[in-house]
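# An overview of the molecular structure
The lines below spell out each chain.
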Amino acid sequence: MTAPPPMALIAELTHRCPLQCGYCSNPLNLDAAKSELATEDWLRILSEAAALGVLQVHFTGGEPMARRDLVTLVAHAAKCGLYTNLITSAVSLTDAALAALVGAGIDHIQISFQDVAAAEADRLGGYRGGHARKLAAARRVREAGVSLTANFVVHHQNVERVEAMIALGEALGVDRIEIAHVQYYGWALVNRAALLPTRDQLDDCTAVVRAARTRLSGVLTIDYVVPDYYATRPKACMGGWGRRVINISPSGKALPCHAAESLPGLAFPSVREASLEAIWNRSGAFTRFRGTDWMPAPCRTCDQREIDWGGCRCQALAIAGDMGAVDPACSLSPDHHRMAEAVAEASGDSGAMTPRRHA
């Protein structure tokens, strides 16, 4: 059955990155540089994405600026009529690099910030002087007139500085602020005990975001992503499995979400061997959890089934041990108690985490 086209292509160009964040969304088994898709592969993928009906391409990684062909890819995406977004740590976003990207037609840049306190930001990212570089890069992006989002990833160790994060976004003149709580897959799941906020921390953070949204309504947008561990209903992960997004890994695997490789028994097709159209419409990996036919009880009769689309399959595996189970974030799940158990097990220890590194 032919599905509506994806809205966005997430192009994970590389897993190489100068930062070592312990909550990175990349898989634990990072792709080596020698396995990365070649320039001509990405050019073909971008053309196929546009033909399929994709509207946006998000160049990400790792650090996408580690690819020497990034400007070439941005220019081709723009030529294909795709809205181009660069998701970057920005530590290498020099004047010359930005000028080249602007000349290629970049539409939007998202810069990630680990904290507002420089010492803490550099510690969390494992990159000395990184925070100062990010601030300088953000200012030159605004001076160039490019749309800018400041992404703040929050967790137990920095959540009490959310108000200052929003103030920093305002001072930088960004168009959008993302306050994104860590999502617990991959590296973040390994480091969950040091990252998971308490319920009081989450409630305080939510109150700060609500107040800022009211104050800044019509001025700038604040997106807010919460952790599922205190939820009673799941989120529609990625807008629903295989419904809105197609993710391409550095080595060419096509995935419904960036964490899907953690799911056993699913054969994810490679763009080296199949077209995006064939993968999106006919591959078993993309149709396995698409829609509602796959859902167990009570999801299949729930009035929220076409709102949350069954929640997250990776979370079902991580918490319940079954990728086809009801998402444990849902209060109707027989495994919902496991979320509270995970919270109780989390120490909230602000000590060392396992850093994200290539083996």
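Check the entry above for the structure.
Predicted, not measured: the structure shown is a model, and the values here were computed from it. (Residues numbered from 1 in each chain as written. Predicted model: local features only at pLDDT ≥ 70, side-chain atom pairs only at ≥ 80, totals over all residues. Heavy atoms only, no water.)

## Examining the overall build of the chain
Check the secondary structure of the chain and you find 14 helices and nine strands. Here the C-alpha radius of gyration of the chain, 20 Å, is about what a compact globule of 359 residues would show, namely 21 Å. Overall, the chain is about 55 × 45 × 45 Å in size when its C-alpha atoms are taken along their principal axes. Classification of the 359 residues of the chain by burial places 53% in the buried group. Expressed as a percentage of contacts within the chain between residues at least 6 apart in sequence, the contacts between residues at least 24 apart total 72%. Of the roughly 15100 Å² of accessible surface on the chain, a fraction of 52% belongs to carbon and sulfur atoms. For the chain, the distance from the average position of its 35 positive side-chain charges to the average position of its 37 negative side-chain charges is 3 Å. (Helix = DSSP H or I, 4+ residues; strand = E, 2+ residues; numbered from the N terminus. Rg over C-alpha atoms; globule rule 2.2 N^0.38 Å. Buried < 20%, exposed > 50% of the residue type's maximum accessible area, 1.4 Å probe, protein only. Contact = heavy atoms within 4.5 Å. Areas by Shrake-Rupley, 256 points an atom, 1.4 Å probe, with all protein chains shown as cover. Lys, Arg positive; Asp, Glu negative; His and termini not counted. Charge placed at Lys NZ, Arg CZ, Asp CG, Glu CD.)

## Overview of the layout of surface pockets
Take a probe with the size of a water molecule and roll it over the atoms, and the empty space left behind shows itself. Its boundaries defined by the atoms lining it, the second largest pocket holds a volume of some 290 Å³. In terms of lining, the second largest pocket is formed by 15 residues, of which the most central are Pro27, Leu28, Gly186, Ala259 and Ser262. Of all the secondary structure elements, the ones that give two or more residues to the lining of the second largest pocket are α7 (186-190) and α13 (313-320). Top contributing element to the lining of the second largest pocket by residue count: α13, with three residues. The class makeup of the residues in the lining of the second largest pocket is eight nonpolar, six polar and one charged. (1 Å grid on protein atoms, 1.4 Å probe; cavity = no way out; pocket = protein on both sides within 12 Å on 5 of 7 lines; lining within 4 Å. Points joined across faces, edges and corners; volume = space filled by probe spheres on them. Nonpolar A, V, L, I, M, F, W, Y, C, P; charged D, E, K, R; others polar.)

## Observations regarding helix α1 (residues 39-52)
Look at α1: 20 Å from first C-alpha to last across 14 residues, which is about the 20 Å you get at 1.5 Å a residue. Among all positions in α1, only Asp41, Trp42, Ile45, Leu46, Ala49 and Leu52 are buried. All buried residues of α1 project into a common sector of 135 degrees when viewed along the axis, lining one side. Facing away from the buried surface of α1 by more than 90 degrees, the exposed residues are Glu40 and Ala51. The elements touched by buried residues of α1 are β1 (8-12), β2 (56-60), α2 (70-79), β8 (245-248) and α10 (276-282). Positioned one or two residues after α1, Gly53 has a phi angle of 115 degrees, which is positive. (Expected span 1.5 Å × (residues − 1). Arc of directions from axis to C-beta.)

## Here's the deal with the pattern of salt bridges
Close approach of charged atoms allows side chains of opposite charge to pair. Counting across every chain of the model gives 16 salt bridges. For the salt bridge of Arg16 with Glu36, the shortest nitrogen-to-oxygen distance reads 2.9 Å. Of this pair, Arg16 sits in the loop between β1 and α1 while Glu36 sits in the loop between β1 and α1, and the two are 20 residues apart along the sequence. Arg16 sits in the partly exposed class, given a relative accessible area of 30%. Taking the shortest distance from any N to any O, the salt bridge between Asp69 and Arg67 comes out at 2.8 Å. With respect to class, Asp69 is no different from Arg67; both count as buried. Residues participating in the shared-partner salt-bridge network are Arg16, Glu36, Arg67 and Asp69. (Salt bridge = Lys/Arg side-chain N within 4 Å of Asp/Glu carboxyl O.)

## Topic: the environment of Met323
The topology assignment puts Met323 in the loop between α13 and α14 (337-345). Judged by relative accessible area, which is 15%, Met323 ranks as buried. A C-alpha to C-alpha distance of 25 Å links Met323 and Thr354, two positions 31 residues apart in sequence.

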